[in-house]
Amino acid sequence: MRADPALRPVRVGSRNATFQHWETLLRNRTKRHRAGAFVVQGVRPITLAVRAGWHVTDVLRPTGGQPSRWAQDTWGRPGARRYELEPELFAELSGKDEGQAELLAVVAMPPDDLTRADPSAYAPTVVFDRPSTPGNVGTLLRSIDAFGGSGLVVTGHAADPYDPKSVRASTGSLFTVPTVRADGPQPVLDRIRALRSAGSSVQLLGTDEGGDLGVRGVDFAVPTVLVVGNETRGLARVWREACDAIVSIPMVGEASSLNAATAGSVLLHESLQQRLAARR
């Protein structure tokens, strides 16, 4: 696909206001969300963003070089502004040495609408409460994608799912898994109450090493919201009191607990196993 010759790319040869805006999207969470856009790095994440129909506002590439077929096709897609940057400026944004990356994309964020992440039978919604590490958010997104979850809700004062580290750790799964932010537990609890009022049998489960329900005892045929607590502090009291049950994962060895994203992944895999068994 060739770009419209009438829409010539804008050349950026200095750290002007446009370049500084992109830098801000990468490094400043508050301004990133105020702008409603974020920078996407890497072939797979950009490809999945385009394939999933996310709104790509800007496409950036370095001057010179021999673009691959993928880069030419992505560059030529309609609807995005095109910019050519001096290689050293492009490298600053891509996080790689000059010549290692071909494109960057600026993508608009979707709305934080909890209905986008409603659970269904065999497809649990995961709530990650106050995660502190963007990489853990991305890792959990990858597991939700791999094991067929219905969405991720990040609650409270938390790592940003649109942080570059989260986007990279998700390997593009951010663009295939509905991801929503909520100020705290209450909007999620209100949504669960609304689903139940509408006739859903949705269950709310927490995860903790001292839980009273083993992972094999969970019936994932029931629509499920699964809450994973903060990496250090675990489940907040409000979640413990609201949950129908707290699920534990059997372990051996000297480890006292699992990484939060890993614990969520184990439960998601159990959900997938139940789904596959029901098809036999």
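If you check an unreviewed UniProt entry, the protein appears there as TrmH family RNA methyltransferase from Allobranchiibius huperziae.

**Student:** Requested: an account of the pairing of strand β3 (residues 56-62), with residues and values cited.
**Tutor:** In the case of a regular strand, side chains alternate between the two sheet surfaces. Of all seven residues in β3, seven are buried, a share of seventy percent or more. Two elements, β3 and strand β4 (residues 81-85), share five bridges in a ladder whose sense is parallel. The residue of β4 that forms the bridge with L60 is Y83. Crossover connection from β3 via helix α4 (residues 69-75) to parallel β4: handedness right-handed.

**Student:** Which residues make up the packing of aromatic side chains, and what values do they have?
**Tutor:** Under the counting rule described, the total for this entry stands at five aromatic pairs. When the centroid spacing of 6.3 Å and the interplanar angle of 80° are considered together, the rings of F38 and W54 count as edge-to-face. Linking F38 in strand β2 (residues 37-41) with W54 in the loop between α3 (43-51) and β3, this pair joins segments that are 16 residues apart in sequence. Classification of F38 by relative accessible area gives buried; the value is 0%. Residue classification places W54 among the buried residues on the basis of a relative accessible area of 16%. Three or more aromatic residues link up through ring pairs in this structure, and these residues are F38, W54, Y162 and F175.

**Student:** Residue-level account of the pairing of β4, with values.
**Tutor:** Most of β4 is tucked away: four of the five residues are buried. Bridge analysis of strand β1 (residues 10-12) against β4 gives three bridges, and the strand direction is parallel. Looking at β4, one finds that V12 is bridged to L85.

**Student:** Kindly report on the sheet that holds β4, identifying the contributing residues and their values.
**Tutor:** An order of β1-β4-β3-β5-β2 is seen for the five strands of this open sheet, with the pairing classed as mixed. Looking along the sheet, the strands with just one partner apiece sit at the ends: β1 and β2. Put simply, the sheet's adjacent strands are angled 25° from each other on average, direction ignored. Where α3 meets the sheet, its contacts fall on β2, β3 and β5 (104-108), and the angle it forms with β2 comes to roughly 130°. Where helix α5 (residues 87-94) meets the sheet, it contacts β1, β2, β3, β4 and β5, and its direction lies at approximately 125° from that of β3.

**Student:** Any details on helix α1 (residues 17-27)? Residues and values, ideally.
**Tutor:** Note: α-helices contain 3.6 residues per turn, so residues at a spacing of three or four share the same orientation. Residues of α1 that are buried include every one of F19, W22, L25 and L26, and no others. Projected onto a plane normal to the axis of α1, the buried residues spread over an arc of 115° and lie on a single side. Along α1, exposed side chains directed more than 90 degrees from the buried face belong to A17 and R27.

**Student:** Which residues make up the nonpolar core, and what values go with them?
**Tutor:** By size, the foremost hydrophobic cluster in this structure holds 38 residues, and its most contacted members are F38, V40, V107, L140, L152 and F175. Tallying contributions element by element places helix α6 (residues 134-147) first for this core, with five residues. Counting only domains with at least three residues in this core, you end up with domain 1 (10-108) and domain 2 (114-278). Sequence-distant contacts of L152, defined by excluding residues within four places in its chain, comprise A117, V126, F128, V137, L140, L141, I144, V177, P178, T179 and V180. Core analysis: the second largest hydrophobic core is formed by 19 residues, V180, L204, V227 and L235 among them.

Rules used throughout
- Residues numbered from 1 in each chain as written.
- Predicted model: local features only at pLDDT ≥ 70, side-chain atom pairs only at ≥ 80, totals over all residues.
- Heavy atoms only, no water.
- Buried < 20%, exposed > 50% of the residue type's maximum accessible area, 1.4 Å probe, protein only.
- Helix = DSSP H or I, 4+ residues; strand = E, 2+ residues; numbered from the N terminus.
- Pairing = 2+ DSSP bridges.
- Right-handed = clockwise from strand over helix to strand, strands pointing away.
- Phe/Tyr/Trp six-rings, centres within 6.5 Å; stacked < 30°, edge-to-face > 60°.
- Axes fitted to C-alpha atoms, helices over the stretch in contact; angles between N-to-C directions.
- Contact = heavy atoms within 4.5 Å.
- Arc of directions from axis to C-beta.
- Core = buried A, V, L, I, M, F, W, Y, C linked by side-chain atoms within 4.5 Å.
- Domains from an automatic or database assignment.

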